[in-house]
Amino acid sequence: MTPDPSRSSLKQGLPPGTLVHIGERRDEPVTISVITYDEQHYDERCAVAPESLPDLPDGRYTTWINVNGLHETGLVKAVGDRAGLHPLTEEDIVNTRQRPKLEEYDDYLYIVTRMLRYEEGAVRSEQVSLILGPSFVISFQERAGDVFDPIRERLRLGKGRIRKEGADYLTYTLLDAVVDGYFLVLEEFGDAIEGIEEEVLASADAETLQAIYAAKRELIELRRSVWPLREVVGALERGESPLIQKAMRVYLRDVYDHTFQVAETVETYRDTVAGVLDLYLSEQSRRMSEVMKVLTVIATIFIPLTFIAGVYGMNFRHMPELDHPWAYPAALVGMATVAIAMLIWFWRKRWI
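Source: prediction; values computed, not measured. (Residues numbered from 1 in each chain as written. Predicted model: local features only at pLDDT ≥ 70, side-chain atom pairs only at ≥ 80, totals over all residues. Heavy atoms only, no water.)

A. Molecular detail of the overall build of the protein. Within the protein, the regular secondary structure consists of 7 helices and 7 strands. When its helices and strands are written in sequence order, the protein yields β-β-β-α-α-β-β-β-β-α-α-α-α-α. Since a compact globule built from 352 residues should have a radius of gyration of about 20 Å, the 34 Å found for the protein marks it as more spread out than a globular shape. Summarising its shape, the C-alpha atoms of the protein cover approximately 120 × 45 × 30 Å along the three principal directions. The buried share among the 352 residues of the protein stands at 44%. Once local pairs closer than 6 in sequence are excluded, the contacts in the protein between residues at least 24 apart make up 66%. Working note: accessible area of the protein is about 19,000 Å², and carbon and sulfur atoms make up 55% of it. Charged side chains in the protein number 39 positive and 55 negative. The centres of these two groups are separated by 4 Å. (Helix = DSSP H or I, 4+ residues; strand = E, 2+ residues; numbered from the N terminus. Rg over C-alpha atoms; globule rule 2.2 N^0.38 Å. Buried < 20%, exposed > 50% of the residue type's maximum accessible area, 1.4 Å probe, protein only. Contact = heavy atoms within 4.5 Å. Areas by Shrake-Rupley, 256 points an atom, 1.4 Å probe, with all protein chains shown as cover. Lys, Arg positive; Asp, Glu negative; His and termini not counted. Charge placed at Lys NZ, Arg CZ, Asp CG, Glu CD.)

B. Structural detail: the pattern of salt bridges. Overall, the coordinates contain 17 salt bridges when judged by the stated rule. For D149, the salt bridge goes to R152, with nearest N and O atoms at 2.9 Å. Here the residue D149 and the residue R152 both occupy positions in helix α3 (residues 149-157), the gap between them amounting to 3 residues, near one helical turn. Accessibility expressed as a relative area gives 48% for D149, which makes it partly exposed. Judged by its relative accessible area of 10%, R152 falls in the buried class. E267 is the salt-bridge partner of R270, the closest N and O atoms lying 3.7 Å from each other. (Salt bridge = Lys/Arg side-chain N within 4 Å of Asp/Glu carboxyl O.)

C. Structural view of the packing of helix α4 (residues 167-203) against helix α6 (residues 249-312). The N-to-C vectors of α4 and α6 enclose an angle of 15 degrees; their axes lie 10 Å apart at closest approach. Between α4 and α6, the interaxial angle falls into the category roughly parallel. Seen along the crossing, α4 lies across α6 with a hand that is left-handed. Split into classes, the residues belonging to the contact of α4 with α6 amount to 22 nonpolar, 7 polar and 6 charged. (Axes fitted to C-alpha atoms, helices over the stretch in contact; angles between N-to-C directions. Parallel < 35°, antiparallel > 145°, perpendicular 65-115°, else oblique. Left-handed = near helix turned anticlockwise from the far one by under 90°. Nonpolar A, V, L, I, M, F, W, Y, C, P; charged D, E, K, R; others polar.)

D. Up close: the nonpolar core. Residues W64 and I151 are the most contacted members of the largest nonpolar core, which totals 56 residues. When residues of this core are traced back to their parent elements, those giving at least two are β1 (31-37), β5 (109-119), β6 (122-132), α3, α4, α5 (206-238) and α6. Broken down by element, the residue count for this core peaks at 16 residues, all from α4. Formed by 24 residues, the second largest nonpolar core is a distinct cluster that contains V30, V34, L56 and V76. (Core = buried A, V, L, I, M, F, W, Y, C linked by side-chain atoms within 4.5 Å.)

E. Representation of a negative patch on the surface within the structure. Together, E187, E188, D191, E194, E197, E198, E199, D205 and E207 make up a negatively charged patch on the protein surface. For the negative patch, the element with the most residues is α4, which contributes 7 residues. We classify E207 as exposed; its relative accessible area is 62%. (Patch = residues over 30% accessible without salt bridge, like charges linked within 9 Å, V, L, I, M, F, W, Y side chains within 5 Å.)

Just geometry here; none of it tells us what the structure is for.
This is the structure in structure tokens:
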């Protein structure tokens, strides 16, 4: 997903807190879904209007509001105002070029992360903003479709401890789902790298080189998504925010360990892709050397043949061999003998 660079110029000269969508232009409508729950209660609503959102915070239940789409800034602002978000937070939400970060406000935490998916042979990156309040979580996504369906299913069925815990545990599960999605992307990406390596060894061409550079670009995108997220999760684990209970620290530490594993895998793949590029260049040099060796052998064989043909091609009057009836066949046989002898010698030297 490539942001539209022309949109960033729209913010020039505008006061801070002005909402301007920066990212890929979309035509689909923005949708809002609301899930409220506790251990005994569960309610889910889709296609909710901003004015129909529940009061936040609501101490009776834990509320999860999910917004799909950021291009309708008026709707995003309506949701943000309903939750009491700072104008600068709303501005960051609609700017999809944010790096993963954590910002702490008086009554909520603002978390930015990147959700990755592997589609059509390429890594797709999408910004996800999470707002953690006293009893609510708001997630803002660029488009519909995410990695949170297993969490929704656990909420519907009441599986595990998610319905027994509060908004901080829900935030942990959302972050954990995002990081688990990284492992799926890396698994697909690893298979793609192996395929590129096999192509390099089999029959590397210009398309293979393009695939290598595409993999390098995607690894850069992966690194930009993973490394800052380590800092975010680490800050959540070490922070003293009253919105996160101490019991959540162990879960956040587990997410931090996963992000560390993902970061290590990304670095390993970077080294692998660099090695594949070196292998491609070495293979191209080897093939060029093979071609040059064949051409050199052919040229070397024809040097004495050209000499013989040149000598007998001179138009001198007194050349006794020219009058001999077998001169022409003898010259051809001699030239063939020289060529065969040189081929045998090259073969014995293992040059061919």
